[in-house]
Protein chains: 4
Amino acid sequence: MYQFRNDYSVGCHPKVLEALTAVNAESVIGYGADRYCKEAADLIRAMCQAPQADVQFMIGGTQANFTAIAAFLRPWESVIAPASGHINGHEAGAVEAAGHKIISVPTAANGKLTPAAILSVVEECKDEHLTKPRLVYISNATETGGVYFKGELEALSQCCRRNGLLLFLDGARLGCALSAPHNDLTLPDIASLTDAFYIGGTKNGAMMGEALVITDPTLQEGFFRIKKQRGAVLAKGWLLGVQFTALLKDGLYFKLARQAVDMAQYLQGGLKNLGLPMMVDSPTNQIFPIVPNDFLPKLDEVCTYETWCKADESHTVVRFVTSFATTLSDADGMLKAIKAMS
Amino acid sequence: MYQFRNDYSVGCHPKVLEALTAVNAESVIGYGADRYCKEAADLIRAMCQAPQADVQFMIGGTQANFTAIAAFLRPWESVIAPASGHINGHEAGAVEAAGHKIISVPTAANGKLTPAAILSVVEECKDEHLTKPRLVYISNATETGGVYFKGELEALSQCCRRNGLLLFLDGARLGCALSAPHNDLTLPDIASLTDAFYIGGTKNGAMMGEALVITDPTLQEGFFRIKKQRGAVLAKGWLLGVQFTALLKDGLYFKLARQAVDMAQYLQGGLKNLGLPMMVDSPTNQIFPIVPNDFLPKLDEVCTYETWCKADESHTVVRFVTSFATTLSDADGMLKAIKAMS
Amino acid sequence: MYQFRNDYSVGCHPKVLEALTAVNAESVIGYGADRYCKEAADLIRAMCQAPQADVQFMIGGTQANFTAIAAFLRPWESVIAPASGHINGHEAGAVEAAGHKIISVPTAANGKLTPAAILSVVEECKDEHLTKPRLVYISNATETGGVYFKGELEALSQCCRRNGLLLFLDGARLGCALSAPHNDLTLPDIASLTDAFYIGGTKNGAMMGEALVITDPTLQEGFFRIKKQRGAVLAKGWLLGVQFTALLKDGLYFKLARQAVDMAQYLQGGLKNLGLPMMVDSPTNQIFPIVPNDFLPKLDEVCTYETWCKADESHTVVRFVTSFATTLSDADGMLKAIKAMS
Amino acid sequence: MYQFRNDYSVGCHPKVLEALTAVNAESVIGYGADRYCKEAADLIRAMCQAPQADVQFMIGGTQANFTAIAAFLRPWESVIAPASGHINGHEAGAVEAAGHKIISVPTAANGKLTPAAILSVVEECKDEHLTKPRLVYISNATETGGVYFKGELEALSQCCRRNGLLLFLDGARLGCALSAPHNDLTLPDIASLTDAFYIGGTKNGAMMGEALVITDPTLQEGFFRIKKQRGAVLAKGWLLGVQFTALLKDGLYFKLARQAVDMAQYLQGGLKNLGLPMMVDSPTNQIFPIVPNDFLPKLDEVCTYETWCKADESHTVVRFVTSFATTLSDADGMLKAIKAMS
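Now for a description of the structure that goes with this document.

**Description of the overall build of chain A**
- Counting secondary structure elements, chain A contains 13 helices and 13 strands.
- What you see for chain A is a C-alpha radius of gyration of 20 Å, in line with the 20 Å of a compact globule of 342 residues.
- Evaluated residue by residue, chain A yields a buried proportion of 65% over its 342 residues.
- Once local pairs closer than 6 in sequence are excluded, the contacts in chain A between residues at least 24 apart make up 72%.
- Surface accessibility of chain A: about 11500 Å² in total, with carbon and sulfur atoms responsible for 53%.
- Taking the average place of the 30 positive charges on the side chains of chain A and the average place of its 35 negative ones, the gap between the two points comes to 4 Å.

**Quick word on the pairing of strand S8 (residues 210-214) of chain B**
All names here are of chain B.
- In terms of burial, S8 is largely enclosed, as five of its five residues are buried.
- Residue alternation in S8 divides its side chains into two sets, Glu 210, Leu 212 and Ile 214 and Ala 211 and Val 213, and both sets are buried.
- Inspection of the sheet shows strand S2 (residues 54-58) paired to S8 by five bridges, in the antiparallel sense. Residue pairing across strands places Met 58 opposite Glu 210, the latter belonging to S8.

**Observations concerning the relation of the copies chain B and chain C**
- Mapping chain B onto chain C calls for a rotation angle of 180 degrees and an axial translation of 0.0 Å; the resulting RMSD is 0.0 Å. With respect to symmetry, the two chain copies, as superposed, fit the operation of a two-fold axis.
- A share of 100% of the interface residues of chain B reappears at the interface of chain C, consistent with the copies meeting face to face through the same patch.

**Let's talk about the environment of Asp 300 of chain D**
All names here are of chain D.
- Within the secondary structure, Asp 300 is located in helix H12 (residues 296-302).
- Asp 300 sits in the partly exposed class, given a relative accessible area of 46%.
- Excluding residues that lie within four positions of it along the chain, Asp 300 makes contacts with Met 1 and Tyr 305.

**Re the pairing of strand S12 (residues 306-312) of chain B**
Residues and elements named next belong to chain B.
- Two elements, S12 and strand S13 (residues 315-321), share five bridges in a ladder whose sense is antiparallel. Each bridged residue has a counterpart across the sheet, and for Lys 310 the counterpart in S13 is Thr 316.
- Counting the residues in the hairpin turn of S12 and S13 gives two residues.

**Re the interface of chain B and chain C**
- Contacts between the two partners involve 40 residues from chain B, matched on the other side by 40 residues from chain C.
- Between chain B and chain C, roughly 3500 Å² of surface is buried when both sides are summed, and carbon and sulfur atoms account for 58% of that area.
- Among the residues of chain B in contact with chain C, Tyr 8, Asn 24 and Lys 236 of chain B are the three that bury the most area, contributing 18% of the side total.
- On the surface where chain B and chain C come into contact, there are zero salt bridges.
- There are 24 residue pairs in polar contact (both at pLDDT 80 or more) connecting chain B and chain C.
- For the side of chain B that touches chain C, the elements supplying multiple residues, two or more each, are helix H1 (14-23), helix H3 (61-72), helix H4 (94-97), helix H9 (223-229) and helix H10 (238-248) of chain B.

**What about the sheet that holds strand S2 (residues 54-58) of chain D?**
All names here are of chain D.
- The strand order across the open sheet built from seven strands is S2-S8-S7-S6-S5-S3-S4, with neighbouring strands paired in mixed fashion. On the outer flanks of this sheet lie S2 and strand S4 (102-105), each paired with one strand and no other. Neighbour-to-neighbour, the strand axes of this sheet turn through a mean angle of 25 degrees, independent of strand direction.
- Across four bridges, the pairing between strand S3 (residues 77-82) and strand S5 (residues 132-139) is parallel. The residue of S5 that forms the bridge with Ser 78 is Pro 133.
- Packed onto the sheet, helix H6 (residues 150-162) meets S5 and strand S6 (166-170) and runs at close to 145 degrees relative to S6.

**Digging into the interface of chain A and chain D**
- Counting from both sides, the interface comprises 40 residues of chain A and, opposite them, 40 residues of chain D.
- Interface area for chain A against chain D, summed over the two sides, is near 3500 Å², with a carbon-plus-sulfur share of 58%.
- Along the contact surface separating chain A from chain D lie zero salt bridges.
- Of all elements in the fold, only helix H1 (14-23), helix H3 (61-72), helix H4 (94-97), helix H9 (223-229) and helix H10 (238-248) of chain A reach the threshold of two or more residues within the side of chain A that touches chain D.
- Class assignment of the residues belonging to the side of chain A that touches chain D gives a composition of 20 nonpolar, 13 polar and seven charged.

**Here's the deal with the side chain of Glu 210 of chain D**
Residue and element names in this part refer to chain D.
- As for its position among the elements, Glu 210 is in strand S8 (residues 210-214).
- For the buried Glu 210, no salt bridge exists, and the shortest N-O distance to an oppositely charged side chain is 7.0 Å, to Lys 203.
- Within the structure, the side chain of Glu 210 is placed 2.5 Å from the side chain of Thr 202, a separation counted as a polar contact.

**Digging into the packing of aromatic side chains**
- In the structure shown here, the tally under the stated rule is 36 aromatic pairs over all chains.
- Relative to Tyr 8 of chain C, the ring of Tyr 31 of chain B has its centre 5.5 Å away and its plane inclined at 65 degrees; by these criteria the two rings are edge-to-face. Linking Tyr 31 of chain B in the loop between H1 and helix H2 (35-47) with Tyr 8 of chain C in the loop between strand S1 (2-3) and helix H1 (14-23), this pair reaches from one chain into another.
- Given the relative accessible area of 24%, Tyr 31 of chain B is considered partly exposed.
- Seen from their ring centres, Phe 72 of chain B and Phe 223 of chain B are 6.4 Å apart, and the 45 degrees between their planes marks the pair as tilted. Taken as a pair, Phe 72 of chain B in helix H3 and Phe 223 of chain B in helix H9 lie far apart in primary sequence, 151 residues in all.

**Overview of the relation of the copies chain A and chain D**
- Rotating chain A by 180 degrees and moving it 0.0 Å along the rotation axis overlays it on chain D with an RMSD of 0.0 Å.
- Taken together, the interface assignments show that 100% of the residues at the interface of chain A recur at the interface of chain D, consistent with an identical surface on both copies.

**As for unusual backbone geometry**
- For the bond from Asn 140 of chain B to Ala 141 of chain B, the omega torsion is 0 degrees, close enough to zero to count as cis.
- Note on placement: Ala 141 of chain B falls in the loop between strand S5 (132-139) and helix H6 (150-162).

**Here we look at the packing of helix H5 (residues 115-124) of chain B against H6 of chain B**
Residues and elements named next belong to chain B.
- At their nearest, the axes of H5 and H6 sit 9 Å apart, and the two run at 15 degrees to each other. Relative to H6, H5 is oriented roughly parallel. Helix-helix and strand crossings are classified by hand; for H5 and H6 the assignment is right-handed. In this structure, H5 uses Pro 115, Ile 118 and Leu 119 to contact H6, whose residues at the interface are Ala 155, Leu 156 and Cys 159.
- Of the residues that constitute the contact of H5 with H6, the class distribution is six nonpolar, no polar and no charged.

Parameters and conventions
Residues numbered from 1 in each chain as written. Chains lettered and ligands numbered in written order. Predicted model: local features only at pLDDT ≥ 70, side-chain atom pairs only at ≥ 80, totals over all residues. Heavy atoms only, no water. Helix = DSSP H or I, 4+ residues; strand = E, 2+ residues; numbered from the N terminus. Rg over C-alpha atoms; globule rule 2.2 N^0.38 Å. Buried < 20%, exposed > 50% of the residue type's maximum accessible area, 1.4 Å probe, protein only. Contact = heavy atoms within 4.5 Å. Areas by Shrake-Rupley, 256 points an atom, 1.4 Å probe, with all protein chains shown as cover. Lys, Arg positive; Asp, Glu negative; His and termini not counted. Charge placed at Lys NZ, Arg CZ, Asp CG, Glu CD. Pairing = 2+ DSSP bridges. Least-squares fit on C-alpha atoms with pLDDT ≥ 70 in both. Buried area = accessible area lost by both parts, 1.4 Å probe. Salt bridge = Lys/Arg side-chain N within 4 Å of Asp/Glu carboxyl O. Polar contact = N/O pair within 3.5 Å; in protein donor to acceptor, adjacent residues only side chain to side chain. Axes fitted to C-alpha atoms, helices over the stretch in contact; angles between N-to-C directions. Nonpolar A, V, L, I, M, F, W, Y, C, P; charged D, E, K, R; others polar. Phe/Tyr/Trp six-rings, centres within 6.5 Å; stacked < 30°, edge-to-face > 60°. Parallel < 35°, antiparallel > 145°, perpendicular 65-115°, else oblique. Left-handed = near helix turned anticlockwise from the far one by under 90°.

Structure below.
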């Protein structure tokens, strides 16, 4: 079976496991107050050119999203998010459980939010019988593989700052976004244009963990307490620091992301050559081919994948996701198998 | 100035004030445990043919909505509501502040929800990474004046019961809905087809107050405690019982609603005769004429009203609301004034 | 039956009813944006010598307490309160339902909090695995009738300011506190020593309503939205403004409180003369005589009252509460009846 | 330096690391739907003789506590817990952030709750202006090392069942509790006497993870959704299943716990022989010697530990915690070092 279900279906990269093994017997202070977390945080601050940033290691993405939003907002404030945003669907109402409304706005198929959509919500919410929008949530890459270009992120950032809105970037797949073919964004760009964002580990080589970077100093107060309150403080916090250091210090993180993106792009190109259209042209590690419905039982036999949505009566959009563990031989094998389906 | 801003811009009907005055000096037990609340509740149970119902007097609509929803749902459960539903906008995120996601669905201009829209949400939410829809919120009349016919409510009720969903009806303007020209719904119908609903007092002759009728016995447990917790228990609870008895015992409630509806219908007819189109043809006490933009400053001089939304570049939808206090002379005066604007 | 169950068992003072009646037919803008609320707020600002204060009319005490606390605190922050504080017991977990821990501290029988108790909590909570105390809740009068002297409130205020704590005063019975025999506190004192407090109407002549005075300008932002969100915005908001103006403009408020206090003090003195000890010597309108258990069935026949707690195997503490409606003849009658029980 | 700060200061037991390493490269389905979690859950159900139990792997203790409590309770319901209970202090208000009041009751120094204390709360809370107690939280071992005997747990269980209360047992240190010298409780006992409990991994050989066992079928509904909502679903969920299987299948879990307990008991005995009194006689892996204040700087040089509380002006209670990684030579070295301090 070829594995295209998601990018978190194997443990961690061998170098990460090696680093965890090396430190396993050592006695370390708990709750993230250790030198491994400090080392990783320093590295991230340096890579982001954001010496003022607070770096908080979180166990997973849902947790990072709702803990940050709960920490940053007052009770009457709400979140503007693309309708396809992860927080708006696949987190089981975590943001609402923390008391905040998500005002979702429709986007193009690539899932990217625009200043115009934000402004329209801001305008409507001047009415004080509504919540006050205070934070804009975007993800890069988006849930449909889209990436923001530098000019786009600058425009969003400017729109947010002019309207008293925080800009929060969900970077569960940030590695792949920054490794996309025409990407022109850098970590320092993101650190200077957003108020907080995270560098996803779970989907790019770590066993688990996301590094939340809170660049706005006014948002840093009290964060440890709310993190503890929301169950996001790992007793053995150093496990996260050790992993991020292993991933980030010699460029492993971007090497892994590039492998995932390269494999997805190779596969996408190959599928197009086989005549399969795409729901959206994705530059990252998630691709969305539209297949005839009768392909589905055959796909079930050769690979893991996800059914995304109906395209029309006789066609279905499926999602293939690659990861650092995907090989060229996996991609070639997959293309061959699909060719045989026609 | 003619008063068409809303249906809660005068105090209460004189008979209600008279009843409050009559009881003012009497010493009564607090928190709604008094005989006036019991009398009103008994009357409501009888009118609804729902002897098993728990009747809880609430101070206002937002409070009734979020307290009931908070009481009925478990933390992972969500609400399906029309996008135009009051809870989805003009309650400042009250339902989300209670921890629950509202899944809003688009509707026709009349704001009425359909079983098809419900089913589509139910289908999508079978995925356990999403919230579980558990309650369907509708309002009758809707926020744009629409009313549900009996067949429609039966279809919604059946759809809900088949899918494990509670049906909750916001009756802030229930009096007007049941007094609409072609209405075929009755209180007993509503009591038997929904799990809970309320009979709005604030907008139909009371000083304040809504009578929440919880027909489903399994939803009644613990309600007093959560009502207290959400600040919805009035110390002098009998003030609500006294008002509802005054409104309901001799049919005053429906007489007042009919007056409001009659005046709105008369006004709507007159405006149409003057050539003004309506955003939606409303059978209740809120009407939505589309006026040329240059009418707006002139309207500001003759009446209170609300700007609803833009119709096109040169036209605006405005909202006129009538109440029990609206007279034929108000309506005629208004028509005359508008005729003069053309 | 003599009425000593509580101070909210009759409607409102006749002058308040008169004022409500006078305005009943008038069309007024909703949600507290009217001139009656403005007039009352201006009057309160003037009486408090606090021109910067935001005055928000709330419907009841539980609502005032939890809405203010929810508005003022961040999610990881907690409240320090006397164990006997109303929010810690009789509000059905309203503060916790808004997400905040109450750290309760024991007090003397009079229910008064001391700086020492606050400091001990602050010290313990330096540990970041605990919540951060941010607001100190006191009530004046307390739940057992105690009042704070000016020196005591100054000491609490200073302690709070030195430790980054807000001081919030629940004034459900503020009228009686300020009318207590040796009271030396004034409204301007309270306004300058606390960050927010309220002037209770429900228990002192209003039909319902509390006037929340937010003196600290940094706490005022967003308050209308959260008030709406928590169901605390009365559609016909002017009803509250009208009542507070009626109560405050000619000193009626303090006249009513003085009557309640005088009657309670007269009764307390009389009961002591009859040989009944008090659980606590109360200077306000709630008194707590300790009676032999065999008095209880006799009391049930002559008056309404509350059983407070067991004193010992054969004695019970009961609570008698007076109000503006209590007359000298009620007090005398009561004393006579109790004398007859011995 | 001897390590006695806590029982979560090293990674995991080598066999656990070995198991994680063995599965690292394998592609596994996410979110705990995998065969490793199933294997571990089956093993736990068998060990507990509770075939009906739902086993949910959680990442940490705070998360397990508040997610379970949030899932089990309705908004107006509260928790009864010992004042020293972990949820009442060191979880930064997590239960209150989920909306529920904790009613804390004082206990003996061993931290054990009694039926009498529960009954007294139940009695007081019959008043519907208070929250309704619905769940009793205990921990075994307690935060001060105490363990419940079978008769005690039976009495608590009976008290809970008679009063409509759920019994929840925090088993962060369950291994040590069940390995304590005179313990007579078994996993099947706990499974049959409680409604839910967890088997702690983090503090007994796992890298991280707690196995929550929900024995009451009526509490199992919707648990995956709320777990997702609270950030408690690990994307690579199998990491938890793999660890619990490694710990539980050949008795490793109890072997590790016994080592921790033996070392603590040996140390406690030795310290007593040196003339040091204990705050409480602990049968588990946490001990609480009372040392002269001038020992503290010397202790800082030889070991890690925690200062627990003041004993008197000149003495301090300290906490030493052992773990599976503590050796006899550590204990002997420590005793020698302390002997030298006198």
